[in-house]
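# Observations on the model geometry
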Amino acid sequence: MKVNIITLGCSKNTVDSENIGGHLYNAGFEVYYDRQKNDCDIIIINTCGFIGDAKEESINTLLEQVEIKQKGRKARKIIAVGCLIERYKKELQQEIPEIDAFFGVHQWNELVASLIEAYSGYFESERRLSTPRHYGFLKISEGCNRRCSYCAIPLIRGAHVSRPIDDLVAEAKKMVDSGIKEIIVIAQDTTYYGLDLYGKRCLGELLERLANESGAEWIRLHYTYPTSFPEDALEVMLSHDNICNYIDIPLQHINSRILKSMQRGIDREGTLALMKQFRVKMPDVAIRTTFIVGYPGETEEEFEELKAFVEEARFDRMGCFAYSPEEGTAAYEMGDPIDDEEKQRRVDELMAIQEQISLQKNEAKVGHAYKVIVDRKEGEYWVGRTEYDSPEVDDEVLIAGDMTLQVGGFYRVKITSAMENDLMGEVVAE
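The following refers to the structure shown. (Residues numbered from 1 in each chain as written. Predicted model: local features only at pLDDT ≥ 70, side-chain atom pairs only at ≥ 80, totals over all residues. Heavy atoms only, no water.)

### Quick notes on the side chain of R264
Considering the arrangement of structural elements, one finds R264 in the loop between α10 (256–261) and α11 (268–281). Although R264 is buried, it makes no salt bridge; D189 carries the closest opposite charge, 8.0 Å away. What R264 contacts, discounting residues up to four positions off in sequence, is C148, Y150, Y225, P226, T227, P250, L251, Q252 and L259. (Helix = DSSP H or I, 4+ residues; strand = E, 2+ residues; numbered from the N terminus. Buried < 20%, exposed > 50% of the residue type's maximum accessible area, 1.4 Å probe, protein only. Lys, Arg positive; Asp, Glu negative; His and termini not counted. Salt bridge = Lys/Arg side-chain N within 4 Å of Asp/Glu carboxyl O. Contact = heavy atoms within 4.5 Å.)

### Remarks on the nonpolar core
Ranked by internal contacts, the top residues of the largest apolar core, which has 52 residues, are I140, L207, I247, F278 and F291. At six residues, the largest contribution of residues to this core is made by helix α6 (residues 165–177). Once you skip the residues sitting within four places of it in the chain, F291 turns out to touch L251, Q252, H253, L306, F309, V310, F315, M318, G319, C320, F321 and L350. With 22 residues, the next largest nonpolar core counts I5, A101, V105 and I116 among its residues. (Core = buried A, V, L, I, M, F, W, Y, C linked by side-chain atoms within 4.5 Å.)

### Quick notes on the packing of aromatic side chains
Across all of its chains, the model carries eight aromatic pairs by this definition. Taken together, a centroid distance of 5.0 Å and an interplanar angle of 75° make the contact between W218 and F410 edge-to-face. Linking W218 in strand β10 (residues 218–221) with F410 in strand β17 (residues 410–418), this pair joins segments that are 192 residues apart in sequence. Considered together, W218 and F410 belong to a single accessibility category, that of buried residues. Ring plane angle 75° and centroid distance 5.6 Å describe the contact between Y295 and Y323, whose orientation is recorded as edge-to-face. In this pair, Y295 sits in the loop between β12 (286–293) and α12 (300–313) while Y323 sits in the loop between β13 (317–322) and α13 (340–363), placing the two residues 28 residues apart along the sequence. The burial state of Y295 is the same as that of Y323; both residues are buried. Three or more aromatic residues link up through ring pairs in this structure, and these residues are F291, F309 and F315. (Phe/Tyr/Trp six-rings, centres within 6.5 Å; stacked < 30°, edge-to-face > 60°.)

### Some details on the side chain of T224
Secondary-structure assignment places T224 in the loop between β10 and α9 (231–239). Of note is the side chain of T224, whose polar atom sits 2.7 Å from the backbone oxygen of D248. Non-local contacts of T224, meaning those with residues more than four positions away in its chain, are made with D189, T190, T191, F229, I247, D248, I249 and P250. (Polar contact = N/O pair within 3.5 Å; in protein donor to acceptor, adjacent residues only side chain to side chain.)

### Some points on helix α2 (residues 52–70)
The terminal C-alpha atoms of α2 lie 27 Å apart, and with 19 residues this matches the ideal 27 Å at 1.5 Å per residue to within 8%. Of the residues making up α2, those classed as buried are A54, K55, S58, T61, L62, Q65 and V66. All buried residues of α2 project into a common sector of 135° when viewed along the axis, lining one side. More than 90 degrees from the buried face of α2, the exposed residues found are D53 and Q70. Considering only its buried residues, α2 is in contact with β1 (2–7), β3 (42–47), β4 (77–82) and α3 (83–95). One or two steps after α2, the chain reaches G72, where phi turns positive at roughly 90°. (Expected span 1.5 Å × (residues − 1). Arc of directions from axis to C-beta.)

### Quick look at the pairing of strand β9 (residues 182–186)
Within β9, five of the five residues are buried, which leaves it mostly tucked inside the rest of the structure. On β9, burial covers both faces: E182, I184 and I186 on one face and I183 and V185 on the other are all buried. Bridge count for strand β6 (residues 135–139) against β9 is five bridges, and the pairing is parallel. When the sheet's bridge partners are listed, G136 is paired in β9 with I183. Sheet topology note: the β9/β10 ladder contains four bridges and is parallel. Bridging from a neighbouring strand, V185 pairs with L221 of β10. (Pairing = 2+ DSSP bridges.)

### Considerations on the environment of S358
Position of S358 relative to the elements: it lies in helix α13. Classification of S358 as buried rests on a relative accessible area of 4%. When near neighbours in sequence (up to four residues on either side) are disregarded, S358 contacts R317, D395, E420 and N421.

### Section: the sheet that holds strand β16 (residues 396–400)
Strand order in the closed barrel formed by five strands is β14-β15-β16-β18-β17, with mixed pairing between adjacent strands. Looking at each pair of strands side by side, their axes are set apart by 55° on average, direction ignored. (Axes fitted to C-alpha atoms, helices over the stretch in contact; angles between N-to-C directions.)

### What to know about the sheet that holds β1
Strand order in the open sheet formed by five strands is β2-β1-β3-β4-β5, with parallel pairing between adjacent strands. What marks the edges here is a single partner per strand, and that holds for β2 (30–33) and β5 (101–103). For this sheet the average axis-to-axis angle between neighbouring strands, irrespective of direction, equals 20°. Judged from the six bridges that link them, β3 and β4 form a sheet pairing that is parallel. Its bridge partner lying in β4, N46 is registered against V81. Sitting on the sheet, α2 touches β1, β3 and β4, and the angle it makes with β3 is about 170°. Relative to β4, α3 is tilted by about 130°, and along the sheet it contacts β3, β4 and β5.

### Focus on the state of the cysteines
Tallied over the full model, the rule gives zero disulfides. Residue C48 stays outside any disulfide, its sulfur separated by 6.0 Å from that of C83, the closest cysteine. (Disulfide = S-S within 2.5 Å.)

### Re the pairing of strand β15 (residues 381–385)
Put simply, side chains in a regular strand alternate between the two faces of the sheet. In terms of residue burial, β15 counts as a mostly covered element, since four of its five residues are buried. Note: strand β14 (residues 369–378) against β15, five bridges, orientation antiparallel. Its bridge partner being in β15, I373 is matched across the sheet by R385. With antiparallel pairing between neighbouring strands as the criterion, β14 and β15 make up a hairpin whose turn holds two residues, including G379 at a positive phi of roughly 60°. In the sheet, β15 pairs with β16 via four bridges, with the strands oriented antiparallel. Of the residues in β16, the one forming a bridge with Y381 is A400.

By themselves, these are just geometric observations and shouldn't be taken as functional.
Pasting the structure below:
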């Protein structure tokens with residue numbers, strides 16, 4: 001039977017889908033990810049329930065698949081899984097009864113058992129990658145012990161549970177053996193890693209072993225948290241050439257009152273000190289961050305403070321979200337006093353500042369050569385990335401396609417021109 005797994009939301013969901021796909025593939029199913037043709041017997045939709053827009057996208061996708069099935073297409077069964085189902089299973093069962101089955105994020109065993117008669121009952125031991133063959137995600141833990149006031153993830157995923165280092169190193173080796181060149185380390189909070197399992201933060205130790213033992217040419221760190229950032233992780237990053245000079249660290253705001261209300265465990269002074277530490281210890285590091293605007297009670301003055309901080313900090317990569325009230329969170333009780341139009345104005349203003357910073361930083365790269373991994377061929381260009389850019393979310397390097405390159409291959413590329421979010425370049429000799 002053919003199975004199409006449609007994944008919505010973040011890279012953590014991607015890994016969940018890959019584990020589902022691995023079990024089904026090894027049981028004899030034909031497994032596809034986000035297949036466009038309507039020729040599969042079973043459709044599994046891995047939903048996202050993080051913020052309002054993600055919920056809407058998930059519900060629309062469920063309804064689209066129901067409509068396709070009702071028109072007499074191939075699908076015999078539609079299964080809804082993941083974060084949205086974990087939060088709103090009863091409501092969705094009532095609203096969309098055409099869905100054949102619903103499974104939350106703590107029901108992967110039940111999902112697989114419903115499709116495989118001889119299922120062993122041990123989930124996450126098998127994985128079939130959905131990413132391009134040259135990069136993949138390594139999820140080092142599940143859940144989150146933070147209690148950020150706006151975030152529903154702990155309500156959905158539960159408490160932080162670290163995976164053993166030996167298991168992670170073994171999985172990383174397996175990924176590299178399958179052709180993976182770049183391993184992207186992910187979790188709800190990677191900097192908390194190890195505290196529950198070993199009684200101490202072990203991100204540095206994990207990165208050390210991955211760098212020495214996995215065989216990966218690039219290792220990239222995502223989803224770090226500013227409070228109690230493990231300093232030894234920076235030392236490890238500095239000492240290994242195969243760990244990218246890249247840190248993804250959502251800061252969410254800079255105003256101390258807002259940060260306290262968000263329950264982030266850090267204030268303005270602590271944030272500034274951490275950014276200085278990064279820049280001093282790793283002058284070449286690319287910092288990606290995200291911010292939330294329109295948080296309940298955010299004044300115009302506090303927003304202006306955030307704008308000034310972005311102008312001063314000059315982040316390499318930045319995203320911005322309009323606040324979305326989520327039931328069950330502490331901030332939900334504060335209401336949603338800032339209207340959507342005002343939130344969008346703040347998003348647009350902040351991103352306009354970042355676009356100029358990004359253009360200036362990219363223009364400074366013109367004339368310099370960088371190691372670039374090629375992701376794909378698109379039209380007349382080969383499309384790749386430097387170590388300062390993560391796939392799907394960051395800038396890309398466009399290389400004229402008049403020469404044959406290998407997807408997943410590394411090349412020395414000289415930057416010839418720059419735009420706000422892309423670079424143009426040509427391959428040069430090492």
